[in-house]
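Overview (structure and organization)
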Amino acid sequence: MSRYTTPLLCLLTVNTLLVLNISLPETVLHISPDGFVVLGIAGIVSFAGAGMFRVIAASGAFILFICLFYKTGNLLYFRFFGREIILRHDALMIPNLVDLLEHTYSTGILITALFLFSGVCFLFVFLLYLLIRKSVILLNSPVAFILFILTGAAYFTFFAFHVHGREADANVYKAKSHIFDFAKQVMDFKKFVSEKDNIDNEIIERSFHLLTLPSDMRVIEGRDVYVFYVESYGRALWDDPNNLRLFSPFLSQWSDKLRSKGYSAASGFFTSPVKAGGSWFAHTTFITGFKVNNDLYLSALLESDLKPLPAYFTQRGYRTISVMPALKDFDSEEAYDKGPDKEKLWTERKFFSFSEDYWYHDFGYDGPRFNWSLIPDQYVLQVLKEKAIDNSGRPMYFDIVLTSSHSPFNSIPPYEDKADSARLLDVYKNTPAIEFDNDWHKLNEPAEGYTTALKYSLKSIFDFIINDIKRPGLFIILGDHQPFTLLPGTETYDVPVQILSRDESVTRAFIREGLSAGMFPDLEKPSVPMEDFTGIFFRALSRKQ
């Protein structure tokens, strides 16, 4: 063999194994380290040759590293969010990912883990370097080269059976070739542009459909309307026996309380466009009647003339108020005091037609942070009562995003009955959070943490409706999406929608449109696409009684 033949054959063999590795399906719950082992070998072999072979080898190793990194990311995304990576969308989520890591693990733990991981990788690569250097010498022998090929075949056979043996596992992620899938994702950037005309046509068709619906909303006759988006409020509360055991008595108790105060209810399951993340896609779908599950559809929608739900209320003289306590409009109170320009900070504001906004700095909150949530739900609703509701002379439409039930369900704020915002701040600063042994990578108390988080958020809403609202109103409570997929019961995209009113004719109108009477959705009825709620809303509230 020439001095170039040996390293070239070695390179081709190892890289072939790596290509096969990242092209095969993998299990979600047992991410095999095999691929990282072969990656190390490929990297070392890339420097075993000379001249042009070194350049080719290094380039190939880099491309394969990107593909393997993409595969690992896909596995993790499928595990937590029930979907594959969408490059164009998930690249925008990197700041949120960093934020989640910072508030899941301490900075010291993150730095220590990074150094340990780097040290182990360095030691591993150094040992492989010694091994490959000796292997290149041995490969001058035909017998040694045959043994090398047989070793690679044995590795591939083991890996193939390793995957095949778990095919019955419900959590197996049936991945296609990640090399071609990654290339397809890259090419999708071009596809996004080419498909925009088709999406625009879909939006136009949906706009015409909405215009054909009755929209006078005479049934509510100028009453206030509240839409509460409850983070991670999903069908998992009903589909998992442990969740249902802990959640059902709570919901029954509050159903009785609401009924005793004169409230009737209608409920049902709707299919969210997303699972475990992307809440704003669900919010947008709900109030526009157009399904949005990625940034391409959202961008096209925001440039369209489709009329969202708040615009109908604005035209009828309502105060239309967007409440997003997790949206930081400025980095500091000083910058905020100089004068907020929310039109520039939130360009979507004009499309949604809100007349007022309540964002993070509008709440004056200086209490502790409870995991991901910046401001506790009870505090958000109390400040709205004090600032926006008590002295309003006009009817109001509220779009309220609540965040205390955000995963991983490990730090829940304490609840304080009959307290104003100042008292709540004092409670948060001096009362420990309710803690559970849950984290982003493992849930040791899944049902306990999840149901406690949802009970906190829903109790905040129910107390607010019963004790703080004096004027007649329509209250819509819905989940944005199912919780992340580590939690049992998240196989579907279904979320509950519950509608409350003291006027039984209002809830009866929604029941005629297919919802069930009461606070418990009918598990036997098929779920309805979330984008169809707008039609149900208009037909129910514009029907002649």
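Preceding block: the structure.
Residues numbered from 1 in each chain as written. Predicted model: local features only at pLDDT ≥ 70, side-chain atom pairs only at ≥ 80, totals over all residues. Heavy atoms only, no water.

1. Examining the environment of Val230
Note that Val230 resides in strand E3 (residues 224-230). Taking relative accessible area as the criterion, Val230 reaches 0% and is therefore assigned buried. Along the sequence, Val230 and Ser405 sit 175 residues apart, while their C-alpha atoms lie 7.3 Å from each other. Those residues in contact with Val230 that sit more than four places away from it in its chain are Leu402, Ser405, Leu454, Ser457, Leu458, Ile461, Ile477, Leu478, Gly479 and Asp480. (Helix = DSSP H or I, 4+ residues; strand = E, 2+ residues; numbered from the N terminus. Buried < 20%, exposed > 50% of the residue type's maximum accessible area, 1.4 Å probe, protein only. Contact = heavy atoms within 4.5 Å.)

2. Examining a positive patch on the surface
Taken together, the side chains of Lys261, Lys418, Lys470 and Arg502 present a region of like positive charge at the surface. Tracing the backbone through its elements, the reader meets Lys418 in the loop between strand E8 (411-412) and helix H19 (421-430). (Patch = residues over 30% accessible without salt bridge, like charges linked within 9 Å, V, L, I, M, F, W, Y side chains within 5 Å. Areas by Shrake-Rupley, 256 points an atom, 1.4 Å probe, with all protein chains shown as cover. Salt bridge = Lys/Arg side-chain N within 4 Å of Asp/Glu carboxyl O. Lys, Arg positive; Asp, Glu negative; His and termini not counted. Charge placed at Lys NZ, Arg CZ, Asp CG, Glu CD.)

3. Some details on the side chain of Glu231
Take Glu231: it is sitting in the loop between E3 and helix H10 (236-239). Despite its burial, Glu231 remains without a salt bridge, the nearest opposite charge being carried by Arg369 at 12 Å. A distance of 3.2 Å separates the side chain of Glu231 from the side chain of Ser279, its partner in a polar contact. Among all residues touching Glu231, those that are not within four sequence positions of it are Ser279, Leu402, Thr403, Ser405, His406, Leu454, Asp480 and His481. (Polar contact = N/O pair within 3.5 Å; in protein donor to acceptor, adjacent residues only side chain to side chain.)

4. A few points about helix H11 (residues 241-260)
Compared with an ideal rise of 1.5 Å per residue, which puts 20 residues at 28 Å, H11 spans 28 Å between its outermost C-alpha atoms and is within 8% of the ideal. In H11, a bend of some 35 degrees at Phe247 exceeds every other bend along the element, and Pro249, a proline, comes one to four places later. Among the residues of H11, those classed as buried are Asn243, Phe247, Phe250, Leu251, Trp254, Ser255 and Leu258. Of the surrounding elements, those touching the buried residues of H11 are H10, helix H20 (446-468) and strand E11 (494-501). (Expected span 1.5 Å × (residues − 1). Bend = angle between axes of the 7 residues up to and from the residue.)

5. Here's the deal with the environment of Phe290
Here Phe290 shows up in the loop between helix H12 (279-288) and helix H13 (295-302). Take Phe290: its relative accessible area is 6%, and that puts it in the buried class. Excluding its chain neighbours within four sequence positions, the residues that come into contact with Phe290 are Glu202, Ile203, Arg206, Thr285, Tyr297, Leu301, Leu306 and Glu531.

6. A closer look at the packing of aromatic side chains
This structure, assessed with the given rule, holds 36 aromatic pairs. Between the aromatic rings of Tyr226 and Phe398, the centroid separation amounts to 5.0 Å while the plane-to-plane angle is 10 degrees, which identifies the pairing as stacked. Here Tyr226 is found in strand E3, whereas its partner Phe398 is found in strand E7 (residues 396-402), with 172 residues between them in sequence. Each residue in the set Tyr229, Phe270, Phe286, Tyr312, Phe313, Tyr318, Tyr397, Phe510, Phe533, Phe537 and Phe538 is aromatic and connected to the rest through ring pairs, giving one cluster. Positioned above the aromatic ring of Trp254 is the side chain of Lys257, whose terminal nitrogen or guanidinium carbon lies 4.2 Å from the ring centre. (Phe/Tyr/Trp six-rings, centres within 6.5 Å; stacked < 30°, edge-to-face > 60°. Lys NZ or Arg CZ within 6 Å of the ring centre and 35° of its normal.)

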